[in-house]
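Residue-level structure breakdown
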Amino acid sequence: MPVPAITLNQVTKKYGSSRGVQDIDLEVQQGQIFGFLGPNGAGKTTTIRLLLDFIRPSSGKINILGLDSKHDAINIRRRVGYLAGDMEMDHRLTGRQYLEFCANLRGDVPWSNIQKLVDRFGCQTDKKLSQLSRGNKQKVGLVAALMHDPDLLILDEPTSGLDPLVQAEFQQVILDHRRRGKTAFISSHVLSEIQQLCDQVGFIRDGQLVDVQPLRDLEAKAFKKVRLTLSRASHKALQGVPGLTDIQIDGHQVNCKINGNYRGLLQALAKLPVKDLTIEDADLDDLFLHYYQDPSATGEVSHVK
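We now turn to the structure provided with this report. (Residues numbered from 1 in each chain as written. Predicted model: local features only at pLDDT ≥ 70, side-chain atom pairs only at ≥ 80, totals over all residues. Heavy atoms only, no water.)

1. Points about the pairing of strand β7 (residues 152-156)
Within a regular beta strand, the side chains point alternately toward one face of the sheet and then the other, so they alternate between its two faces. When you tally the buried positions in β7, you get five out of five residues, the bulk of the element. One ladder, built from four bridges, connects strand β6 (residues 80-83) with β7; its direction is parallel. Bridging from a neighbouring strand, G81 pairs with L153 of β7. Taken together, the five bridges between β7 and strand β8 (residues 183-187) define a ladder with parallel strand orientation. Pairing of D156 across the sheet is with S187, part of β8. Handedness of the crossover joining β7 and β8 through helix α6 (residues 164-179): right-handed. (Buried < 20%, exposed > 50% of the residue type's maximum accessible area, 1.4 Å probe, protein only. Helix = DSSP H or I, 4+ residues; strand = E, 2+ residues; numbered from the N terminus. Pairing = 2+ DSSP bridges. Right-handed = clockwise from strand over helix to strand, strands pointing away.)

Put into structure tokens, the structure is as follows:
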């Protein structure tokens, strides 16, 4: 069995008295696309910098592709493609000069390989980077990360600034990467992108990894969204229904969430003048909010004005 692409064992990073990340245990298998989610300041960028040995943990151990992140850092970087969320470039260079520079640093990257990616993403390589838009710089950064066909991609907000057509092309590139048994670790705020691409999703909050689950399991056990239209304002039967939360009333409209058995909800609906009923699966946006909502939030009835 191949070694995991990424292993973090009780990894903690402190900045003096400030928190970075704490006691992170994580394993990402080769051939997976892993989505890494969390609000700003949660510890996503710190974790990525630890993976790449840009900073070192205060305690704990990190292995990348079976290699020690500290002692084998050079060998690891040969096999990793990285795109930073705050990507910095020498803006005096053209896109082609920048990519040639990256290729020379890596060695053995023929321009024909780079050109295929340039064509695929529609990069403007003849202009200076200072003249390019945010999205066009992002395309150049993606080509630099992919040019050597790495075993592991670590991408921080990879589609930032890209138009929808290029985003779709990026997704195809990542799926092809996985089909060839390679791995991607993607930090993103584009939740629909994570839902379409990823096999596993990890949620980080306040420097701690609060959950890691296969996306299919996360979706299967998530709550359902319920939307009711009543022929008259009458909702008292919904109060106290097991598993029913976040009940919001706006005239004849009722929106709520149900988790678990539907029996109590069906019994309550039988007592209500239901004109229309919709029950939908939660999407990743809803699941994200579930992990990061105010812990004091309750399922009490609220009236929307």
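From this point, things continue past the structure.
2. As for the pairing of strand β1 (residues 6-15)
Pairing geometry for β1 and strand β4 (residues 59-64), over five bridges, is antiparallel. Looking across to β4, one finds that T7 is bridged to N63. Inspection of the sheet shows β1 paired to strand β2 (residues 18-28) by seven bridges, in the antiparallel sense. What sits directly across from V11, in β2, is I24. Between the antiparallel neighbours β1 and β2 lie two residues, among them G16 with a positive phi of about 65°.

3. What about the sheet that holds strand β10 (residues 208-214)?
Taken in spatial order, the six strands of this open sheet run β6-β7-β8-β3-β9-β10, and their pairing is mixed. In the strand order of this sheet, the two ends are held by β6 and β10, each with one partner. Each strand of the sheet is rotated relative to its neighbour by a mean of 15°, with strand direction disregarded. Of the strand pairs in this sheet, strand β9 (residues 200-205) and β10 are connected by six bridges, and their pairing is antiparallel. Directly across from I204, in β10, lies its bridge partner L209. (Axes fitted to C-alpha atoms, helices over the stretch in contact; angles between N-to-C directions.)

4. So, a nonpolar patch on the surface
Residues V274, L277 and I279 make up a contiguous nonpolar surface patch of roughly 210 Å² in combined accessible area. In this structure, L277 sits in strand β14 (residues 274-281). (Patch = residues over 30% accessible without salt bridge, like charges linked within 9 Å, V, L, I, M, F, W, Y side chains within 5 Å. Areas by Shrake-Rupley, 256 points an atom, 1.4 Å probe, with all protein chains shown as cover. Salt bridge = Lys/Arg side-chain N within 4 Å of Asp/Glu carboxyl O.)

5. Description of unusual backbone geometry
The backbone of Q10 shows a phi angle near 55°, a positive value even though the residue is not glycine. Of note, Q10 is situated in strand β1. For D246, which is not glycine, the phi torsion reads 50° and is therefore positive. The exposure class assigned to D246 is partly exposed, which follows from its relative accessible area of 25%.

6. Focus: α6
With 16 residues, α6 should reach 22 Å at 1.5 Å per residue; the first-to-last C-alpha distance of 23 Å fits that figure. Along α6, the residues that are buried comprise V166, F170, Q171, V173, I174, L175 and H177. Packing partners of the buried residues in α6 comprise β3 (33-37), α4 (111-121), α5 (134-146), β7, β8 and α7 (191-197). Its side-chain oxygen 3.0 Å from the backbone nitrogen of L165, D163 forms the N-cap of α6. Just past α6, the residue G181 takes up positive phi, approximately 80°. (Expected span 1.5 Å × (residues − 1). Contact = heavy atoms within 4.5 Å. Polar contact = N/O pair within 3.5 Å; in protein donor to acceptor, adjacent residues only side chain to side chain.)

7. Remarks on the side chain of Q32
Its place among the elements puts Q32 in the loop between β2 and β3. A residue is classified by how much of its surface remains accessible, and Q32, at 18% relative accessible area, is buried. Ignoring sequence-local partners within four residues, the contact set of Q32 consists of K182, T183, A184, D199 and Q200.

8. Digging into the sheet that holds strand β5 (residues 67-68)
In spatial order, the strands read β2-β1-β4-β5; together these four strands make up an open sheet with antiparallel pairing. The open sheet terminates on both sides in strands that have one partner only, identified here as β2 and β5. Of the strands in this sheet, β1, β2 and β4 touch helix α1 (residues 44-51), which is tilted by about 120° from β1.

9. Describing the nonpolar core
In terms of nonpolar packing, the biggest core is built from 42 residues, with L99, F121 and I174 touching the most fellow members. Ranked by residues supplied to this core, first place goes to α5 with six residues. When residues no more than four places from it in sequence are discounted, the contact partners of F121 are K139, L142, V143, L146, V166, E169, F170 and V173. (Core = buried A, V, L, I, M, F, W, Y, C linked by side-chain atoms within 4.5 Å.)

10. Re the packing of helix α3 (residues 95-106) against α5
Think of two packed helices as two axes; the pair is described by the angle between the axes and how far apart they sit. Running from N to C, α3 and α5 point in directions that differ by 20°, and their axes come no closer than 10 Å. Judged by the inter-axis angle, α3 sits roughly parallel to α5. Crossing geometry of α3 relative to α5 is assigned as right-handed. Across the interface between the two elements, G95, Y98, L99 and C102 of α3 pack against V140, V143 and A144 of α5. Split into classes, the residues belonging to the contact of α3 with α5 amount to six nonpolar, one polar and no charged. (Parallel < 35°, antiparallel > 145°, perpendicular 65-115°, else oblique. Left-handed = near helix turned anticlockwise from the far one by under 90°. Nonpolar A, V, L, I, M, F, W, Y, C, P; charged D, E, K, R; others polar.)

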